[in-house]
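# Residue-level structural notes
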8 protein chains.
Amino acid sequence: MTTDDVARLIERLSFASLDHFRPQTQGHQEVIFCSGKTPSQVVEIAERLVAAGGEFLATRAESDHREALRARFPSADVNELGRIVHLAPDPPTEPTGRGLVLIVTAGTSDLPVAEEAAVTARALRNQVERLTDVGVAGIHRLLSQTDALRRAAVIIVVAGMDGALPSVVGGLVRAPVIAVPTSVGYGASFGGVAALLTMLNSCASGITVVNIDNGFGAAAAASRINHQP
Amino acid sequence: MTTDDVARLIERLSFASLDHFRPQTQGHQEVIFCSGKTPSQVVEIAERLVAAGGEFLATRAESDHREALRARFPSADVNELGRIVHLAPDPPTEPTGRGLVLIVTAGTSDLPVAEEAAVTARALRNQVERLTDVGVAGIHRLLSQTDALRRAAVIIVVAGMDGALPSVVGGLVRAPVIAVPTSVGYGASFGGVAALLTMLNSCASGITVVNIDNGFGAAAAASRINHQP
Amino acid sequence: MTTDDVARLIERLSFASLDHFRPQTQGHQEVIFCSGKTPSQVVEIAERLVAAGGEFLATRAESDHREALRARFPSADVNELGRIVHLAPDPPTEPTGRGLVLIVTAGTSDLPVAEEAAVTARALRNQVERLTDVGVAGIHRLLSQTDALRRAAVIIVVAGMDGALPSVVGGLVRAPVIAVPTSVGYGASFGGVAALLTMLNSCASGITVVNIDNGFGAAAAASRINHQP
Amino acid sequence: MTTDDVARLIERLSFASLDHFRPQTQGHQEVIFCSGKTPSQVVEIAERLVAAGGEFLATRAESDHREALRARFPSADVNELGRIVHLAPDPPTEPTGRGLVLIVTAGTSDLPVAEEAAVTARALRNQVERLTDVGVAGIHRLLSQTDALRRAAVIIVVAGMDGALPSVVGGLVRAPVIAVPTSVGYGASFGGVAALLTMLNSCASGITVVNIDNGFGAAAAASRINHQP
Amino acid sequence: MTTDDVARLIERLSFASLDHFRPQTQGHQEVIFCSGKTPSQVVEIAERLVAAGGEFLATRAESDHREALRARFPSADVNELGRIVHLAPDPPTEPTGRGLVLIVTAGTSDLPVAEEAAVTARALRNQVERLTDVGVAGIHRLLSQTDALRRAAVIIVVAGMDGALPSVVGGLVRAPVIAVPTSVGYGASFGGVAALLTMLNSCASGITVVNIDNGFGAAAAASRINHQP
Amino acid sequence: MTTDDVARLIERLSFASLDHFRPQTQGHQEVIFCSGKTPSQVVEIAERLVAAGGEFLATRAESDHREALRARFPSADVNELGRIVHLAPDPPTEPTGRGLVLIVTAGTSDLPVAEEAAVTARALRNQVERLTDVGVAGIHRLLSQTDALRRAAVIIVVAGMDGALPSVVGGLVRAPVIAVPTSVGYGASFGGVAALLTMLNSCASGITVVNIDNGFGAAAAASRINHQP
Amino acid sequence: MTTDDVARLIERLSFASLDHFRPQTQGHQEVIFCSGKTPSQVVEIAERLVAAGGEFLATRAESDHREALRARFPSADVNELGRIVHLAPDPPTEPTGRGLVLIVTAGTSDLPVAEEAAVTARALRNQVERLTDVGVAGIHRLLSQTDALRRAAVIIVVAGMDGALPSVVGGLVRAPVIAVPTSVGYGASFGGVAALLTMLNSCASGITVVNIDNGFGAAAAASRINHQP
Amino acid sequence: MTTDDVARLIERLSFASLDHFRPQTQGHQEVIFCSGKTPSQVVEIAERLVAAGGEFLATRAESDHREALRARFPSADVNELGRIVHLAPDPPTEPTGRGLVLIVTAGTSDLPVAEEAAVTARALRNQVERLTDVGVAGIHRLLSQTDALRRAAVIIVVAGMDGALPSVVGGLVRAPVIAVPTSVGYGASFGGVAALLTMLNSCASGITVVNIDNGFGAAAAASRINHQP
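Below is a summary of the structure that appears in this document. (Residues numbered from 1 in each chain as written. Chains lettered and ligands numbered in written order. Predicted model: local features only at pLDDT ≥ 70, side-chain atom pairs only at ≥ 80, totals over all residues. Heavy atoms only, no water.)

## Details of the overall build of chain A
Stated precisely, the cut-off is as follows: The helix count covers DSSP runs of H or I at least four residues long, the strand count covers runs of E at least two residues long, and both are numbered beginning at the N terminus. In this scheme, a residue with accessible area under 20% of its type's maximum is buried, one over 50% is exposed, and one in between is partly exposed, where area comes from a 1.4 Å probe on protein chains only. Contact criterion: two residues are considered in contact whenever any of their non-hydrogen atoms come within 4.5 Å of each other. Areas reported here follow the Shrake-Rupley algorithm with a probe of radius 1.4 Å; residue values treat only the protein chains shown as occluding. Charge assignment in this entry is limited to Lys and Arg as positive and Asp and Glu as negative, and neither His nor the chain termini are counted. Here the site of a charge means atom NZ of a Lys, CZ of an Arg, CG of an Asp or CD of a Glu.
Helix and strand counts for chain A stand at ten helices and eleven strands. Seen through its principal axes, chain A has C-alpha atoms that stretch 55 × 40 × 30 Å. Every one of the 229 residues in chain A was classed for burial, and the buried ones make up 67%. Of the contacts made within chain A by residues no fewer than 6 positions apart, 67% connect residues no fewer than 24 positions apart. Element-wise, carbon and sulfur atoms account for 50% of the exposed surface of chain A, whose accessible area totals about 7400 Å². In chain A, 19 side chains carry a positive charge and 23 a negative one; their mean positions are 5 Å apart.

## Some points on the arrangement of the chains
In this view chain A stays clear of chain G, with the nearest C-alpha atoms of the two still 10 Å from each other. Contact between chain A and chain H is absent, and the minimum C-alpha spacing across the pair is 13 Å.

## With respect to the interface of chain G and chain C
Counted only if it meets this: Using a 1.4 Å probe, buried area is obtained as the accessible area two parts lose upon being combined, added over both of them. What counts as a salt bridge is simple: a side-chain nitrogen of Lys or Arg found within 4 Å of a carboxyl oxygen of Asp or Glu. Each polar contact in these results corresponds to two N or O atoms within 3.5 Å; when the atoms are within protein, one needs to be able to donate a hydrogen and the other to accept it, and residues that are neighboring in sequence are counted only if both atoms are side-chain atoms. Charged means Asp, Glu, Lys or Arg here, nonpolar means Ala, Val, Leu, Ile, Met, Phe, Trp, Tyr, Cys or Pro, and polar covers whatever is left, Gly included.
Contacts between the two partners involve 38 residues from chain G, matched on the other side by 38 residues from chain C. Considering only the side of chain G, the residues that lose the most area to chain C are R174(G), R224(G) and Q228(G), jointly responsible for 24% of the buried surface there. Counting every contact that joins chain G to chain C gives zero salt bridges. For the pair chain G and chain C, the number of links is 26 residue pairs in polar contact (both at pLDDT 80 or more). Those elements that provide at least two residues to the side of chain G that touches chain C are α2 (22-26), α8 (165-172), β10 (177-181), α9 (193-200), β11 (207-209) and α10 (215-226) of chain G. Here the side of chain G that touches chain C gets seven residues from one element, more than from any other, and that element is α10(G). Partitioning the side of chain G that touches chain C into residue classes produces 19 nonpolar, 15 polar and four charged.

## Re the pattern of salt bridges
For the coordinates displayed, the defined rule picks out 119 salt bridges over all chains. Its salt-bridge partner being R8(D), residue D5(D) comes within 2.8 Å of it at the nearest N-O pair. Highlighted residues: D5(D) and R8(D), both in helix α1 (residues 3-8), separated by three residues, approximately one helical turn. Judged by its relative accessible area of 63%, R8(D) falls in the exposed class. Among the ionic contacts, a cluster of salt bridges with common partners joins D19(A), R22(A), E30(A), D133(C) and R141(C).

## Some thoughts on the packing of aromatic side chains
Here is the rule: Note on aromatic pairs: the rings of Phe, Tyr and Trp (six-membered ring only in Trp) are paired at centre separations within 6.5 Å, and the planes decide the class, stacked below 30 degrees, edge-to-face beyond 60, tilted for the rest. For a lysine, the NZ atom is tested; for an arginine, the CZ atom; a charge sits over a ring if that atom is within 6 Å of the ring centre and within 35 degrees of the ring normal.
By the definition in use, this model includes 16 aromatic pairs over all chains. On the numbers, 6.0 Å between centres and 35° between planes, the contact of Y186(A) with F33(E) is tilted. Note that Y186(A) is positioned in the loop between β10 (177-181) and α9 (193-200) and F33(E) in strand β3 (residues 32-33), a pairing that runs across two chains. Both residues of the pair, Y186(A) and F33(E), belong to the buried class. Between F56(D) and F73(D), the ring centres sit 4.9 Å apart and the planes meet at 55°, which makes this aromatic pair tilted. Of the two residues, F56(D) sits in strand β4 (residues 56-59) while F73(D) sits in the loop between α4 (63-72) and β5 (77-79), which places them 17 residues apart along the sequence. Each member of the pair, F56(D) as well as F73(D), is classed as buried. Above the plane of the ring of F73(B) lies R72(B), whose end atom (NZ or CZ) is 4.8 Å from the centre. One residue, R60(G), lies across the ring of Y186(B), its end atom 3.8 Å from the ring centre.

## A short note on the relation of the copies chain G and chain C
Put simply, the second copy of the chain is the first one after a rotation about an axis and a shift along it. Note the threshold: Least squares is the method for superposing the copies, and the C-alpha atoms it fits come from residues with pLDDT of at least 70 in both.
In screw terms, the move from chain G to chain C is a rotation of 180° and a rise of 0.0 Å along the axis, fitting with an RMSD of 0.0 Å. Taken together, the rotation and translation describe the operation of a two-fold axis.

## Focus: the relation of the copies chain B and chain A
In the superposition of chain B on chain A (RMSD 0.0 Å, axial shift 0.0 Å), the rotation amounts to 180°. A shared interface surface links the copies, since 100% of the contact residues of chain B are contact residues in chain A too.

## Observations regarding the sheet that holds strand β3 (residues 32-33) of chain B
Sheets are built from strands that pair by backbone hydrogen bonding, the pairs being arranged parallel or antiparallel. Residues and elements named next belong to chain B. Stated precisely, the cut-off is as follows: Only when DSSP finds a minimum of two bridges between them are two strands counted as paired.
The strand order across the open sheet built from four strands is β3-β4-β6-β5, with neighbouring strands paired in mixed fashion. Single-partner strands in this sheet number two, and they are β3 and β5 (77-79). Bridging between β3 and strand β4 (residues 56-59) involves two bridges; their strand directions are parallel. Across the sheet, the residue bridging to I32 is A58, located in β4.

## Some words on α4(D)
Residue and element names in this part refer to chain D. Put simply, the rule reads: The directions considered for the arc run from the helix axis to the C-beta atoms.
Residues of α4 that are buried include every one of H65, R66 and L69, and no others. All buried residues of α4 project into a common sector of 95° when viewed along the axis, lining one side. The inward-facing, buried residues of α4 contact α3 (39-53), β4, β5 and β6 (84-87).

## Considering the interface of chain B and chain A
Counting residues at the interface gives 38 residues for chain B, matched by 38 residues for chain A. Of all residues in chain B, R174(B), R224(B) and Q228(B) bury the most surface against chain A, accounting for 24% of the area lost on that side. If you look at where chain B meets chain A, you find zero salt bridges. Linking chain B with chain A are 26 residue pairs in polar contact (both at pLDDT 80 or more), by the criterion used here. Elements that contribute at least two residues to the side of chain B that touches chain A include exactly α2 (22-26), α8 (165-172), β10 (177-181), α9 (193-200), β11 (207-209) and α10 (215-226) of chain B. Top element by residues in the side of chain B that touches chain A is α10(B). It accounts for seven residues. The residue inventory of the side of chain B that touches chain A, partitioned by class, reads 19 nonpolar, 15 polar and four charged.

## Let's talk about the side chain of S223(H)
Along the chain, the position of S223(H) falls in helix α10 (residues 215-226). If sequence neighbours within four positions are ignored, S223(H) has contacts with L124(H) and N126(H).

## A look at unusual backbone geometry
A cis geometry characterises the amide bond from D90(D) onward to P91(D), with omega recorded as 5°. Inspection of the secondary structure assignment puts P91(D) in the loop between β6 and β7 (100-105). Of note in this structure, D133(H) is not a glycine but carries a positive phi near 65°. Among the secondary structure elements, D133(H) is positioned in the loop between β8 (127-131) and α6 (139-143).

## Considerations on the sheet that holds strand β4 (residues 56-59) of chain A
Residue and element names in this part refer to chain A. Note the cut-off: Under this scheme, a helix contributes an axis fitted over its contacting stretch, all axes are lines through C-alpha atoms, and angles between N-to-C directions fall in the 0 to 180 degree range.
Within the open sheet, the four strands sit side by side as β3-β4-β6-β5. Their pairing is mixed. Taken across any chain shown, the strands that pair with only one partner, and hence form the sheet edges, are β3 (32-33) and β5 (77-79). Across the sheet, helix α5 (residues 111-123) touches β4, β5 and β6 (84-87), and the angle it forms with β6 is around 15°.

## Examining the environment of P166(D)
Residue and element names in this part refer to chain D. Residue placement: P166 occurs in helix α8 (residues 165-172). On the basis of relative accessible area, P166 is assigned to the buried category, the value being 1%. Each C-alpha atom, one on P166 and one on M199, is 6.9 Å from the other, the two residues being 33 residues apart in sequence.

## Some thoughts on the environment of P95(B)
Residues and elements named next belong to chain B. Its place among the elements puts P95 in the loop between β6 (84-87) and β7 (100-105). Since its relative accessible area comes to 33%, P95 is described here as partly exposed. The sequence separation of P95 and A123 amounts to 28 residues, and the corresponding C-alpha distance is 8.8 Å. Those residues in contact with P95, other than ones at most four positions away along the chain, are R122, R125, N126 and Q127.

## Observations regarding the environment of P91(C)
Residue classification places P91(C) among the exposed residues on the basis of a relative accessible area of 61%. In sequence terms P91(C) and S75(C) are 16 residues apart; their C-alpha atoms lie 12 Å from each other.

## Let's talk about the packing of helix α3 (residues 39-53) of chain G against helix α4 (residues 63-72) of chain G
Residues and elements named next belong to chain G. Counted only if it meets this: In what follows, roughly perpendicular refers to angles from 65 to 115 degrees, roughly parallel to angles under 35, roughly antiparallel to angles over 145, and oblique to any angle outside these ranges. Throughout, a crossing is termed right-handed when the near helix is turned clockwise from the far one, and left-handed when it is turned anticlockwise from it by less than a right angle.
Running from amino to carboxyl end, α3 crosses α4 at an angle of 40°, the nearest separation of the two axes being 9 Å. Here α3 lies oblique to α4, going by the angle between them. Both α3 and α4 take part in a crossing whose hand is right-handed. Contacts between α3 and α4 involve P39, V42, V43, A46 and E47 from the former and D64, H65, A68, L69 and R72 from the latter.

So this is what it looks like as structure tokens:
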């Protein structure tokens, strides 16, 4: 394609430049990051994406964003816990990835981030399962699930506080493991920094890490892996 | 396997507990992290690994570690730039991964980390290629290589200073992208923290990150991905 | 001028020392930083500036400051998004700078900071244009605007999250580039610190940086440059 | 005792105030922290302690401190790895604590800190055992030693990098667990800060923490616990 | 016990994995950390714990958590200051620890953390006393209580701002001292970091430290010590 | 005095230990730090101080503290801007210090901290004057006041943002200069850390520094200096 | 130009991708950042640049780099203090910028950074002057040079420690001011972070900042400004 | 004095601007900060100061600076421990301050900083005494010296590690207390940051603080106080 061809795929609004070339480079449409945008901006972008591709995914949707999207797109799936809204194509698509994306959480308080990951992974055409509250302080909770861990094609591990769970999971499996630190904790957890550093310094080899609370990014990375030809 | 079976796979030295169960859980032997070990400890561990599996990989090998390993294992491959030593099995193994691991560096000063990644990835049975000195300040250097980027199964992007390269690469390809911040820079680069933060906050979706200067970890993660069944 | 002459140009209120010597040293009046001041203090300072120079500019104006200024100066221009209020002289002045100040933003969420810059630059007698939502994750959005970038006399680049945009822009043009990190992001963006560090470590040479969210300062710097004789 | 009585127990040198009241308040003599002291200062303090109590313990002893102490006190036990020197009383004392102090290390590189702890704990009249290189990346190495863990009266866990080991140990036993972060690691381990934060945020309840590399302090705390009447 | 036996002790809810094996490994049931859980999740977990063991302890209980627990368990003890709720077994248990746990606070503003510690220690079967507002700026307040300090089996010292109190207490007694930094302070106290660092660097030997504001953890550690056989 | 005499001067409330020995050691009564205390606790402490000494000073008094104190002590002086309440003795005392305490502020937004300092200094029996809004960006505002600066016995300089003012003041006078960083600013001011670091690194010799926003502490230090015999 | 044309301007060495398109985009050749490169790599890059453009500039040249360059290019100008090597074209070029670039330093210890800036600015075709050791602690040293400051087209201010000088300079002139923090200082200067933060928070409007010790970057920015058409 | 008069008092060397106006503004000559200066620069500055005032003081003098100064000024007093050189006037001057400057150190390792303070204070015409190794871990060492503390006009307290000593000293005396954090410690002492934060957050009121290891600055501040008219 020429530069002019690509330029024609960019739709300029007064407040945004929508990139309709992205499905070709990335395999999926742009995703709407709601934070810092007004509800009406979010709705307008969603409308353009639906017009172009028949679906949208909106993350970090606060209650006013969620209300505006629900009002405009009544059939959208609104996940309150994960603060994420997905309008699936009609008819819905089947998973196209190679295997299962397993989302493991250390504690109940990590569920919002895990839900963001789960909804994103499914929207990006992956089969998803969850394994919840298996943190390392009671290690037998995890070890009794070793078989489930070994069935997954990609594992996303979501943990706050000490962030130690990915190191143990990474040592139990051969599959790719993506660690997501969460801001769960207090004091010297520093809003998730403690868990982030733990994961970056994991003594298990080959663990990769995304930003604090970035369930979306973990799922996007898992989907890149799971759709590797 | 029973707990007792596993216990028998652990070989206790006075200063280390060698884990010969790891090939079954991880797909490869333990790797020797030389930092903080004496040369004779490193050599002894290498001997046990060779006895058990016919090969070893030793990272963060300073000159005294490298000398000791070279003396004891004359046929080992010693990579001075990457501070890494590999004794390949005899006869050497062929790559078993699904595709190509491409290692992209932003600048010449990032090469030591890239070499650590390259030697590791090859030792873990992957096909490896390199693309060097294509940082974003002269963006056409990268764009002229777009086809090469799109041929890779997994891309490792190594960058210091502003750490901006993975964001651009991530936007050009669908493949998994692993970002490695390096400690190249000065002043407010804070030994690689600036690049690390850039990568954790990448505006390209689905980029994952490893520790600063952790070429080994990036390659181990790439190999997990590339050997996904 | 003697020290006594200068002392006479300082107007002492109970809570402020207004510096009417500043137009001679800086080329423009004092600007009101509203944060930490009461609305009535802000209005009183504005009155004194209007009395002395026929105009005022008030930044970081929260809603109560904006209300108070709008009530007292109905003809003032109140920019809600940029939290900035400008009372232009009557009749309005023409731009006096040498060329165009172009304000480039990485994403929609960066617009508040960009608007603060735009209003300030215009108040300081510069011609202003905007280029919005051209972040590096979809690099062709930016590259298709290369000609526009090269027409500018000074470029202000506003970006949060990874803050990578100024490095790419800096490599495309010869003009001065002022980078403004924003607090857009979450987790390890640390309120804009990640973007700030990226910009300070830019691999493009000759990029300068201002404080996080400091659209005002960037515009003031651009105006210094654009009015260079 | 009166204040005057206590004052008589303080021996003033030109560069130090030796506190011979400490055995009564703390149960043992002052310990010499060599860092920042000259070898001759260290020797002089050691002489005064021997004169008063027949023994001394010197930590953070660099090679010049160790040489000076070895020359003056040929019968002292010099531990090179732990950089610690102990002159035991003659005849040696038996352990007086209630049970076993077990020192567990995550990796071989953590041994210097573990040795500082071991020598200190023994000098403070405790029975000591070691369990080495049982980090969480190969969790079965640790689990196969659960019985040994449960026999200890106090456990000191020494770990660098991700610092995850104390969380797992803490969940396996009822005994007090003291976590010692080490500076083993690189990049975002920040000289042991990552491990320190992991331990402070442990999801296992009732883990306490000492300073980075503070094997001495961990052993002193273990001895306080083990000598609880 | 076999792995299957242990697996049967784990009760899986949709949002949590309750670990009924914990009384055997830890000596007490799981404790509910309310932060990040909904009130109904907290109540449901409490019900399961009561069903299994006849009691529960819930920390970091905000007003909505406290209301929900009070409504469901009218006989529970709700400590508003310490944000902690305890349902004691019926009939109540006697302390089983070896001696007294003394909780010392530097200032009145540290009381919420001290109360969390006091309620936890009592729930874990320890005898508890308090000594309040004896910070080091008026050192005679503390010194006049030296005898009380020396009667304790374990001392928890709670302090914010400069966090200096544990160093002085540690020098006065032989008993184990657990230091709890609090977030009391402003400016460069950095939410308790200043006190945390003071305590980690204590010049008194054998002081151990828990996370900022972690009264619960300090009491759990004290109980481990106090129940040492 | 004996220890018993001192112990009798400590008045134990359930939540505080009032130190009536302090006037002898410090030259003035305890000051009430309201933050983290309930209004009724503050009132009760105030009552005890009035009973003992006829006056009180309460800092960091939020609106509920101020209301409670105003209701109980109608003649107290309540300074809203400085969040500080003083009940002066009746009849009021004269300043007893050697000279003038001059409080200099860089900008209008720094006034709350300056007021806390001014009320405190006066309560501690010092003569106080103010010089407002003379920050270094318009250096002639300060230079025109050089004579006023040189008349002071002690100077307190209050500044946020770049915190540069104390360096210039310190170079103009021989008197003691106490620098108070304020949290005025945004972005990389990090809540006053930038100003704090500037002041700690002042190139003017002999500048001392207190905590961020600590107007009280600066005044207490100034009073120690001004009452030096 | 087409993408193919640009690709032909990139010269691929085994360790670098030389960008001969840069003179068209940036107005000057690539500059060699020696740090992390071997002397022979530096020499080889220099040779290619000389072949293409007749000159080179090499920054952060340690003694081994300087020796190698001096040996290969005897006519190069080697500035030891600034660790910078320039081979000027033959015959040398005249300054082409619009006015004077003035480099102001706070103290003698800041000279190495100032020299890096001075050599760079001259190499980039600007007229350069220096004003040395005029820090704010003796403010009259600076004020006596006000006329010199006002004659400059662009001012680079180099300062460590408190970094206060740019704020004062910025208030005295209308010209663009680029602030360069240096790592001069100790303790809480944190290697230049204190000065960096001071400059980012300058109360003078329109000051821009570069990385710590980045004399090169400041000069490159000044040259962009000074060559603005 | 006119600006021209002052300008004549500034002596311009190629690398420094000597400020001979400083005795009038500050009460003493400029002091030479050797760090970052060459020995010959230091000697030349010393020569000019001797020519103007008959004495000099040079701080942070490394061994090469000390050698050069000793060679040129054989009668200078070279303090190796404090890295400080003083050439006293001939005949020496008597102390002119109002009382005694007492320098208190927490431990032997803090002596280098204390010596810098002691030599500086004496050079600035103050009577000086020392009290060494009285840290808070053995509080009776300090309490037995209460009378000595109360005799001082100004107290400088030098402490590393936990930095707790100034809080206790401040509570015992009415005199001004200047706290000097030192870089003594390891791990989470962060080069003195822990002690610095402790001191900034002191619960004793009216403690002021200087930079880490800044014995010079503490003495300069003490001298300002002690020479207050």
